[in-house]
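Coordinates in review
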Amino acid sequence: MHSLLKNHFEVQTGMYFDYFTTYGNWMISMSNIIEDSFWNYAVIPENCNLEKELPIVEEMLRRASRPLSVYVINEKEHSDYISCLLKHGYNKVSEESFMTYDFRYCKDAIHEELDVIRAVEKSEMEDFIDVFMGAYGGEITPEQPYGELDKTYVDALTKSFENTDKFYHYICRFNGKPVAIASLCFENNNGGIYNVGTNPS
């Protein structure tokens, strides 16, 4: 799981994440643009002296003027980590899940009425961002934990369009209208699929 999270950080560095570093076996990834805790993480390693190391990691993010979200892998096996974090004022916010896929079994199943293009032109980038904000913005719900997104998300996405070798942003159109999006991000022969969303209208 640590390896999967490392790939997650690396493939998104340059979009939502700007900075990836380590402290001992901790993995830390931060955004220079987005200030909320969804994109400023520290992953607790196995066999960690959390009482001793947590204040050091907190100080690293404090110096960067970023809030700290702490990843706990295998929560059920690390009740000691949970107890320590609760004692230090942390609260459980969310759980994440990841899917891995072997492209050898990928099948082309695009409906004939749908047109999928890579967003390259300025107007296509604007369409991508419009669908993204429609899909991920709005009131906070259990299904939508982000709530109304800050403009910094637009800034981060816009910046990522400049790196055409790493980030591939796609728009799905139905009868010419942008209705869905997804991004494919590459790093070190690993790929990640992000920004999957559908325009609610």
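Being a predicted model, the structure only gives us computed values, none of them experimental. (Residues numbered from 1 in each chain as written. Predicted model: local features only at pLDDT ≥ 70, side-chain atom pairs only at ≥ 80, totals over all residues. Heavy atoms only, no water.)

Things to note about the sheet that holds strand β4 (residues 69–71)
Across the sheet, which stays open at both edges, the four strands sit in the order β1-β2-β3-β4 with mixed pairing between neighbours. Two strands bound the open sheet, and with one partner strand each, they are β1 (19–23) and β4. Each strand axis lies, on average, 20 degrees off the axis of its neighbour in the sheet, ignoring direction. The pairing of β1 with strand β2 (residues 26–30) spans five bridges and is classified as antiparallel. The residue bridging Phe20 from the neighbouring strand is Ser29, located in β2. Sheet contacts for helix α1 (residues 2–12): β1, β2, β3 (41–43) and β4; angle to β2, the most-contacted strand, approximately 20 degrees. (Pairing = 2+ DSSP bridges. Helix = DSSP H or I, 4+ residues; strand = E, 2+ residues; numbered from the N terminus. Axes fitted to C-alpha atoms, helices over the stretch in contact; angles between N-to-C directions. Contact = heavy atoms within 4.5 Å.)

Some words on the pattern of salt bridges
Tallied over the entire structure, the rule returns 11 salt bridges. For Arg173, the salt bridge identified is with Asp127, shortest N-O distance 3.6 Å. Separated by 46 residues along the polypeptide, Arg173 in strand β6 (residues 167–174) and Asp127 in helix α4 (residues 122–136) bring together distant segments of the chain. You can call Arg173 buried: its relative accessible area is 19%. The structure contains a network of salt bridges with shared partners spanning Glu59, Arg62 and Arg63. (Salt bridge = Lys/Arg side-chain N within 4 Å of Asp/Glu carboxyl O. Buried < 20%, exposed > 50% of the residue type's maximum accessible area, 1.4 Å probe, protein only.)

Notes on the packing of aromatic side chains
In the structure shown here, the tally under the stated rule is 12 aromatic pairs. Among the aromatic side chains, those forming a connected cluster through ring pairs are Phe9, Tyr16, Phe17, Phe20, Trp39, Tyr41, Tyr71, Phe132, Tyr136 and Tyr153. (Phe/Tyr/Trp six-rings, centres within 6.5 Å; stacked < 30°, edge-to-face > 60°.)

Quick word on helix α5 (residues 151–160)
The set of residues buried in α5 consists of Thr152, Tyr153, Ala156, Leu157 and Ser160. Along the axis of α5, the buried residues cluster in a sector spanning 140 degrees; they form a single face. On its buried face, α5 sits against α4, β6 and β8 (190–198). Where α5 begins, one side-chain oxygen reaches toward the backbone nitrogen of Thr152, 2.9 Å away; that side chain belongs to Asp150. (Arc of directions from axis to C-beta. Polar contact = N/O pair within 3.5 Å; in protein donor to acceptor, adjacent residues only side chain to side chain.)

Focus on the packing of helix α2 (residues 50–63) against helix α3 (residues 79–87)
Orientation of α2 relative to α3, taken along the N-to-C sense of each, is 50 degrees, at an axis distance of 11 Å. Considering their axes alone, α2 and α3 lie oblique with respect to each other. Two packed elements cross with a definite hand, and for α2 against α3 that hand is right-handed. Between α2 and α3, the contacting residues are Leu50, Glu51 and Leu54 on the first element and Tyr81, Cys84, Leu85 and Lys87 on the second. Per-class residue counts for the contact of α2 with α3 are five nonpolar, no polar and two charged. (Parallel < 35°, antiparallel > 145°, perpendicular 65-115°, else oblique. Left-handed = near helix turned anticlockwise from the far one by under 90°. Nonpolar A, V, L, I, M, F, W, Y, C, P; charged D, E, K, R; others polar.)

Describing the pairing of β6
Bridge analysis of strand β5 (residues 114–118) against β6 gives five bridges, and the strand direction is antiparallel. When the bridges of β6 are listed, Ile117 appears paired with Ile171. Across eight bridges, the pairing between β6 and strand β7 (residues 177–187) is antiparallel. Looking at β7, one finds that Tyr168 is bridged to Leu184. Between the end of β6 and the start of β7, which pair antiparallel, lie two residues, with Asn175 showing a positive phi angle near 55 degrees.

Looking at the confidence of the model for the protein chain
Of all residues in the protein chain, 90% have pLDDT values of 70 or greater, and the mean over the chain is 86. Mean pLDDT values for the elements of the protein chain range from 84 in α1 up to 95 in β6. (pLDDT = per-residue confidence, 0-100.)

Considerations on the side chain of Asn195
As for its position among the elements, Asn195 is in strand β8. We classify Asn195 as buried; its relative accessible area is 6%. Reaching out from Asn195, the side chain makes a polar contact with the side chain of Tyr16 at a distance of 2.6 Å. Side chain to side chain, Asn195 and Ser183 meet in a polar contact 2.9 Å long.

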